[in-house]
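Examining the three-dimensional arrangement
So the chains spell out like this:
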Amino acid sequence: MAPGGIVTEVTDGDTVVLDSGLVVRMIGTQAPKLPLGREGFETWPLAPEAKAALEAMALNKPVRLGYGGEEVDRYERALAHVFVDGPDGEIWAQQQMVAKGLARVYSFPDNRKCLDLLFAAEGRARLAGLGIWADPYYSTRLADRPADLLDRQGHYELVEGRVLLADQSGGRIYLNFGRFWKEDFTAVIEASALKLFAADGFDPLALEGALIRIRGWVDDRDGPRIEVTHPEQIEVLAAR
């Protein structure tokens, strides 16, 4: 934990500016995005609502910062959990935004603290259909519909399906969700990520036959795929 300051500006649903000028990216979450001057960038559904909710929670209020991994990103923003001083004690801003359905869990291999609590809050919000979870834009996608996933190329998605085959080749592990690996959805775990899996005692090869949820950026390399960089991108919903 570290001293923060007063929140003087809320940029969007996951970024605030302090009176010191420090820009804080609220690590562990991704709120709906605003253009913020980017030409051709479309506002994501519920982005203004997410910004307004964070303003109501934190604007002009003192905060503390909690660091749990990499502390600064390439844009010189602080990467921290934000705790807002309130009349009934501190409010963990990330957890509140996720619980309201105005952000989802978004993690990195070098910043993995507190994710279990955020996943729990997200699960409750999703089941209740709160905020983004009532909008088709954020729907969980099905792994057995590769054409639909290709339409979401370049987007951060949650994808559910049963692993047909878990195989290791060339230092990577491939989780295949269909019989035609050049067309169907695949999750790829690179060698660097496998070290994190091993440290956690998590064997991805044991996922064969399991029903899982994967989150990440969809790209197109021999069909739609998501690169998995750390274990928290995979949630096991049911064993084989």
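Everything quoted here is computed from the prediction, not taken from an experiment.

1. Quick notes on the overall build of the protein chain
- The number of helices and strands found in the protein chain is five helices and 16 strands.
- For a compact globule of 240 residues, the expected C-alpha radius of gyration is about 18 Å, and the protein chain comes in at 19 Å, within 12% of that figure.
- Projected onto its principal axes, the C-alpha positions of the protein chain cover 55 × 35 × 35 Å.
- Scored against the burial criterion, the 240 residues of the protein chain give a buried share of 47%.

2. With respect to the layout of surface pockets
- In this structure, the largest pocket spans a volume of roughly 620 Å³.
- Of the residues belonging to the lining of the largest pocket, the class tally is 11 nonpolar, four polar and 10 charged.

3. Details of the UniProt feature "domain: TNase-like" (unreviewed entry) in the protein chain
- Following the UniProt record, one finds the feature "domain: TNase-like" (unreviewed entry) at residues 1–135.
- The span residues 1–135 is 24% helical and 32% strand by assignment, and the distance between its end C-alpha atoms comes to 35 Å.

4. So, the pairing of strand β15 (residues 224–228)
- Within β15, four of the five residues are buried, which leaves it mostly tucked inside the rest of the structure.
- For strand β13 (residues 186–189) and β15, the ladder comprises four bridges, and the chain directions are parallel. Across the sheet, Ile 189 pairs through a bridge with Val 228, a residue of β15.
- Both strand β14 (residues 211–220) and β15 contribute to a ladder of three bridges, which runs antiparallel. Counted as the bridge partner of Val 218 is Ile 226 from β15.

5. Quick word on the nonpolar core
- In this structure, Val 16, Val 24, Leu 54, Val 82 and Met 97 are the most contacted members of the largest nonpolar core, which totals 30 residues.
- Looking at this core, the elements with two or more residues in it are β1 (2–12), β2 (15–18), β3 (23–26), α1 (47–58), β5 (62–66), β6 (78–86), α2 (93–99) and α3 (115–128).
- If sequence neighbours within four positions are ignored, Val 16 has contacts with Val 7, Glu 9, Val 10, Leu 22, Val 23, Val 24, Met 26 and Leu 54.
- Ala 193, Phe 197, Ile 212 and Ile 214 belong to the second largest nonpolar core, which has 22 residues in total.

6. Brief notes about helix α5 (residues 191–199)
- Within α5, burial applies to Ala 193, Leu 194 and Phe 197. Each buried residue of α5 sits inside an arc of 105 degrees when the element is viewed along its axis, so together they form one side. In α5, the exposed positions that point more than 90 degrees away from the buried face belong to Ser 192, Lys 195, Ala 198 and Ala 199.
- If you follow the buried residues of α5, they end up packed against β11 (165–169), β12 (172–176), β13, β15 and β16 (234–238).
- Immediately downstream of α5, the backbone of Gly 201 shows phi near 70 degrees, a positive value.

7. Remarks on the packing of aromatic side chains
- Scanning the entire structure with this criterion turns up nine aromatic pairs.
- Plain terms: the ring middles of Tyr 156 and Trp 217 are 5.5 Å apart, the flat faces sit at 65 degrees to each other, and that makes the pair edge-to-face. Of the two residues, Tyr 156 is situated in strand β10 (residues 156–162) and Trp 217 in strand β14; the sequence distance between them amounts to 61 residues.
- On the accessibility criterion, Tyr 156 (5% relative accessible area) is buried.
- On the basis of relative accessible area, Trp 217 is assigned to the partly exposed category, the value being 38%.
- Taken together, the ring pairs in this structure connect Tyr 106, Phe 108, Tyr 156 and Trp 217 into an aromatic cluster.
- Here the guanidinium or amino end of Lys 33 rests over the ring plane of Trp 44, the centre of that ring lying 5.8 Å away.
- Taking NZ or CZ as reference, Arg 152 lies 4.7 Å from the ring centre of Tyr 137, over its face.

About the thresholds
- Residues numbered from 1 in each chain as written.
- Predicted model: local features only at pLDDT ≥ 70, side-chain atom pairs only at ≥ 80, totals over all residues.
- Heavy atoms only, no water.
- Helix = DSSP H or I, 4+ residues; strand = E, 2+ residues; numbered from the N terminus.
- Rg over C-alpha atoms; globule rule 2.2 N^0.38 Å.
- Buried < 20%, exposed > 50% of the residue type's maximum accessible area, 1.4 Å probe, protein only.
- 1 Å grid on protein atoms, 1.4 Å probe; cavity = no way out; pocket = protein on both sides within 12 Å on 5 of 7 lines; lining within 4 Å.
- Points joined across faces, edges and corners; volume = space filled by probe spheres on them.
- Nonpolar A, V, L, I, M, F, W, Y, C, P; charged D, E, K, R; others polar.
- UniProt positions renumbered as here; feature names shortened; annotations may be inferred.
- Pairing = 2+ DSSP bridges.
- Core = buried A, V, L, I, M, F, W, Y, C linked by side-chain atoms within 4.5 Å.
- Contact = heavy atoms within 4.5 Å.
- Arc of directions from axis to C-beta.
- Phe/Tyr/Trp six-rings, centres within 6.5 Å; stacked < 30°, edge-to-face > 60°.
- Lys NZ or Arg CZ within 6 Å of the ring centre and 35° of its normal.

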